[in-house]
Amino acid sequence: MKRVVCLGLLMSPGLFAGCECGDTLNNLTAQGELDPAVYSFGVVRAGATCTATIKVKNVGQQDLAVNGATFVDDNSGGRFSVSNFPTETILSGGEGEVVIQYAPQQVSNGVQVATLSLNTNDPDNGGKVSGQISREAVSSAAGKLLPLCKVTLDSMADPGLC
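Residues numbered from 1 in each chain as written. Predicted model: local features only at pLDDT ≥ 70, side-chain atom pairs only at ≥ 80, totals over all residues. Heavy atoms only, no water.

(A) Representation of the overall build of the protein chain. Scanning the protein chain from N- to C-terminus turns up zero helices and 10 strands. Helices and strands in the protein chain line up, N terminus first, as β-β-β-β-β-β-β-β-β-β. Scored against the burial criterion, the 162 residues of the protein chain give a buried share of 36%. Contacts in the protein chain between residues far apart in sequence, at least 24 positions, make up 65% of those at least 6 positions apart. (Helix = DSSP H or I, 4+ residues; strand = E, 2+ residues; numbered from the N terminus. Buried < 20%, exposed > 50% of the residue type's maximum accessible area, 1.4 Å probe, protein only. Contact = heavy atoms within 4.5 Å.)

Shown next as structure tokens:
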């Protein structure tokens, strides 16, 4: 963690107005966070389209600009997509929403994972704010995929969301 050094405070008090000793450098810039940072669509049936909203929070002191959103490290064959992201600046302490979708035409067993990556003016991680998105297909005893589409958020299932 970077720390702000306030050595020049004694020599030029006006230079660091608004800077308190002990502030981290991150607190003085835009700083984006996804909420939740890890998200699972749960079990999804083929042909369904599941939609979820992820919050983008600005916990820094400067405005956060989101210039784009995409999925990277996607092992789903492109089944994850971003349908909307904040185009307005997110003020300090504010939040915006990223709407994501998972739409499998065919579902194969196993977990599919992708990283949701936002291009921002947050100086950390090269301007990237990211989180992990996943989904899981589960076969029934007969070997057929379950006809379910449920959303899991922080390990709490809510089948009414999808």
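(B) Geometry of the side chain of N58. Checked against the element boundaries, N58 lands in strand 3 (residues 50-58). A polar contact of 3.3 Å, which involves the side chain of N58, links it to the backbone nitrogen of Q31. Within polar-contact distance, the side chain of N58 engages the backbone nitrogen of G60 at 3.0 Å. Beyond its immediate chain neighbours, meaning those up to four positions away, N58 contacts A30, Q31, D63, L64, I90, L91, S92, G93 and G94. (Polar contact = N/O pair within 3.5 Å; in protein donor to acceptor, adjacent residues only side chain to side chain.)

(C) Seen up close, the environment of A65. Tracing the backbone shows A65 in the loop between strand 3 and strand 4 (66-72). Judged by relative accessible area, A65 falls into the partly exposed class, the value being 22%. Distance from A65 to A30, taken between C-alpha atoms, is 8.3 Å for residues 35 residues apart in sequence. Excluding its chain neighbours within four sequence positions, the residues that come into contact with A65 are N119, T120 and N121.

(D) View of the pattern of salt bridges. Summed over the entire model, instances satisfying the criterion amount to two salt bridges. D35 is the partner of K57 in a salt bridge, and the nearest nitrogen-oxygen pair spans 3.1 Å. Taken together, the positions of K57 in strand 3 and D35 in strand 1 (residues 32-35) put the pair 22 residues apart, joining distant regions of the chain. For K57, a relative accessible area of 28% gives the class partly exposed. (Salt bridge = Lys/Arg side-chain N within 4 Å of Asp/Glu carboxyl O.)

Coordinates in, geometry out; function isn't part of it.
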